[in-house]
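Commentary on secondary and tertiary structure
Okay, here's what each chain looks like letter by letter:
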Amino acid sequence: MNSVEKRAILGVGGIFALRMIGLFMIVPVFSVYGNNYAHATPFLIGLAVGIYGLGQAIFQIPMSLAADKFPRKPIIMLGLVLFALGGIIAANATDIYQVIIGRALAGSGAVSAVLMALLADVTREEMRTKAMATMGLTIATSIMLAFAFGPLLVGSLGMSGLFWLTAGFAFLAMLLLWVVPSPMRVLKHNLDNKSIGEQLSDVLKIGDLNRLHIGIFALHLTMTAIFVILPHQLSDVMDLSVRQQGLVYLPLLFIGFAVAIPFIIIAEKKRKMRQVFLGAIALMTASLVLLALGSHVGIGIILGLLLYFMGFNLLEATIPSWISKRAPVANKATAMGLNSSSQFFGAFVGGAMGGLLLNQPNVFAWGLLAVIMAAALLLIIPIAQPPYLSSTTVTIPKNINIQDWSRQMMAIEGVDELMVMAKEQVAYLKLDKTKLTDATRQELSHLAQSPLDI
C-alpha cells in the first residue's frame with residue numbers, strides 16, 4: 001500500500017472503530033441497567049438497544065445517494081455531529097423514552113456507507129480488497145471489544161458515563177476525518193442527469209447485491225438479539241455478574257478472530273469468497289442451534305458463542321470487500337448505503353425481538369434466531385463469486401490543468417473511473433483491460449508522461 005492508502009485506512013478505520021464501540025458498548029449491559037430508567041419495560045429496553053438501527057436504516061440511503069452526487073466528507077461530518085448529539089441526549093436521560101430519542105438521533109448520523117465509499121475512492125482496485133477486509137475486521141473487532149468493555153466499564157461509569165464516552169468518541173472521529181485524503185471523482189457516466197429513482201434502480205437490479213443485504217440483515221438481527229438475551233442467561237446459568245460477563249466475551253472474541261483470519265485470507269487470495277461466505281452463515285446457524293439445545297449449561301453457551309463469533313468475524317470482513325467489487329462504479333455509495341440500511345434495520349429488529357424474547361423459553365428464543373439465519377442461507381446460496389478488477393496508479397504531471405487532464409483521461413476507451421487526489425499529486429485509474437488497445441495504452445502513457453504497466 002502507498003502512503004495515501006495507509007492514511008485513508010488509518011483515518012477511516014479509526015472513525016469506524018470509535019463509532020462502533022460507542023454504539024455497541026451499551027448492548028450487552030442495557031437489558032440489565034435499563035431497568036433503572038423511569039417507565040422501563042422489557043420491550044422498551046429492547047427498543048432502546050435497537051432503535052439506533054432504525055435511524056441508520058432510514059438515513060443511510062438518502063445520505064448515500066447524496067454522497068454519490070456531492071463531496072463525501074461534509075456528509076460524514078454531519079453524521080458525526082448527529083452521533084455526538086444523540087450521545088449527549090442519552091447521557092442526560094432520566095427515563096427510557098429520552099434514551100430512545102438519544103439513540104435514535106445517534107443512529108440518524110448514518111455515514112457507514114459513505115465512509116466505505118470514501119475508502120474505496122482513495123484505494124486502488126488491487127489494494128481495495130485488503131482495505132475493505134481491514135475495515136470489516138475493524139468493525140467486527142470494534143463491536144466485540146464494545147461487548148467486552150461495556151460490562152467492564154458500566155460499574156464505574158454507569159449508563160450515563162457510557163453515553164458521555166460515546167459523545168467523546170464522536171468528537172475524536174471528527175478530528176480523524178482530517179487525516180483522510182479528499183479525492184475528486186471523475187466518472188465515465190455522470191450521475192447528474194439521473195433521478196434518485198434511477199440511481200436506486202440501477203443498484204436494486206443486481207441480485208447478488210440484494211443477497212448480501214439479506215446476509216448483513218440476518219447477521220445484525222441475530223447479533224443484537226443475542227446480546228439482549230444473553231446477559232440474563234449468563235447470570236442465571238453461570239452466576240456471572242455483568243462485569244464478569246465482559247471477561248467471558250473478550251477471550252472468545254480473540255479466539256474467534258484468530259480462527260477467522262486464515263479463512264479471510266483464503267477468501268481473498270484464493271478467490272474463494274463465496275465458499276467462505278456461505279460456510280460462515282452455516283456456522284452461525286449451527287451455533288444458534290447449539291445455543292437452543294445447550295444454553296442450559298455453561299459449556300453450551302461458551303461453545304455456541306465461540307462458533308458465532310467465528311462466523312461473525314468472517315461475514316463482517318468479507319461483505320464490505322464484496323460490495324466494493326460488485327457495486328456499479330458510479331453508485332458505490334448507494335450500494336453500500338442499501339447494505340448498511342439492511343445491517344442497521346436488522347439491528348433494530350433484533351433489539352426489539354430480543355426484548356420480546358426475554359421472557360420466552362431458551363429453546364424457543366435461540367431456535368427462532370437459528371431459523372432466521374437458516375432462511376438467510378437458503379436465500380443467499382445462488383450468489384456468484386464477485387468480479388476481480390484491475391487498476392493502476394498515475395502520478396499527476398506538474399503544471400497542468402487537472403480538470404482538462406482528467407477529461408482527456410476519461411475520454412480514452414477502457415478507462416471507467418478516475419480518482420484524483422490533487423494535493424498528493426496521485427490519481428487512480430480503474431480499467432477494463434479487455435477494451436484497451438496498443439494505441440490507447442500509448443495514449444495513457446503519454447498523458448501520464450511515464451510508461452504504465454497495463
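Throughout, residues of each chain are indexed from 1 in the direction in which the sequence is written. A pLDDT threshold of at least 70 governs which residues receive local features in this predicted model, and a stricter bar of 80 or more applies before side-chain atom pairs are shown or counted, although totals over entire chains, interfaces and linings include all residues. In computing side-chain values, all of the structure's heavy atoms are included and hydrogens and water are not.

Glancing now at the pairing of strand β4 (residues 426–431). With respect to burial, β4 is a largely interior element, six of its six residues being buried. Because side chains alternate across β4, one face comprises the buried residues V426, Y428 and K430, and the other comprises A427, L429 and L431, equally buried. Two strands form a pair only when DSSP identifies at least two bridges running between them. Strands here mean DSSP runs of E at least two residues long; helices mean DSSP runs of H or I at least four residues long; both are numbered from the N terminus. Where strand β3 (residues 415–421) lies against β4, six bridges are found, and the strand directions are antiparallel. For L418, the partnering residue across the bridge sits in β4 and is L429. Two successive antiparallel strands, β3 and β4, enclose a turn made up of four residues, where Q425 displays a positive phi of approximately 60°. Exposure categories follow from relative accessible area, calculated using a 1.4 Å probe and restricted to protein chains: below 20% of the type maximum is buried, above 50% is exposed, and the middle band is partly exposed.

What follows is about the environment of S287. Note on placement: S287 falls in helix α11 (residues 273–294). The class for S287 is buried, based on a relative accessible area of 0%. Spatially, the C-alpha atom of S287 lies 19 Å from that of L379, the residues being 92 residues apart in sequence. What S287 contacts, discounting residues up to four positions off in sequence, is G304, L307 and Y308. In protein, a polar contact requires one atom able to donate a hydrogen and another able to accept it; more generally it is a pair of N or O atoms within 3.5 Å, and residues adjacent in sequence count only if both atoms are side-chain atoms. Of note is the side chain of S287, whose polar atom sits 2.6 Å from the backbone oxygen of M284. In this analysis, two residues are considered to be in contact whenever any of their non-hydrogen atoms come within 4.5 Å of each other.

One can find T222 in helix α9 (residues 207–238). For T222, a relative accessible area of 0% gives the class buried. For T222, the residues in contact, after removing those within four places along its chain, are L288, Y308, L369 and M373.

We now examine the packing of aromatic side chains. Pairs were defined over the aromatic rings of Phe, Tyr and Trp, the Trp ring being its six-membered one, requiring ring centres within 6.5 Å. Orientation was assigned from the angle between planes: stacked under 30 degrees, edge-to-face over 60, tilted for the rest. Applying the stated criterion to the full structure yields eight aromatic pairs. Judged by centre distance (5.7 Å) and plane angle (80°), the ring pair of F24 and Y52 falls under edge-to-face. With F24 in helix α1 (residues 3–24) and Y52 in helix α3 (residues 42–67), this residue pair connects regions lying 28 residues apart in the sequence. Judged by centre distance (5.2 Å) and plane angle (70°), the rings of F277 and W322 are edge-to-face. Remark: W322 occurs in helix α12 (residues 298–326) and F277 occurs in helix α11; sequence separation between them is 45 residues. In terms of burial, F277 and W322 fall into one category: buried. Here the aromatic residues F24, Y52 and F344 are joined through ring pairs into a cluster of three or more. For R19, the ring lying beneath its charged end belongs to F83, and the centroid distance is 5.6 Å. The rule is short: NZ of Lys or CZ of Arg within 6 Å of the ring centre and within 35 degrees of the ring normal puts a charge over the ring.

This next bit is on the confidence of the model for the protein chain. pLDDT gives the predictor's per-residue confidence on a scale running from 0 to 100. Across the protein chain, the average pLDDT comes to 85, with 94% of residues at 70 or higher. Here strand β1 (residues 184–187) stands out as the least confident element of the protein chain, with mean pLDDT 63; helix α14 (residues 362–380) is the most confident, with 95.

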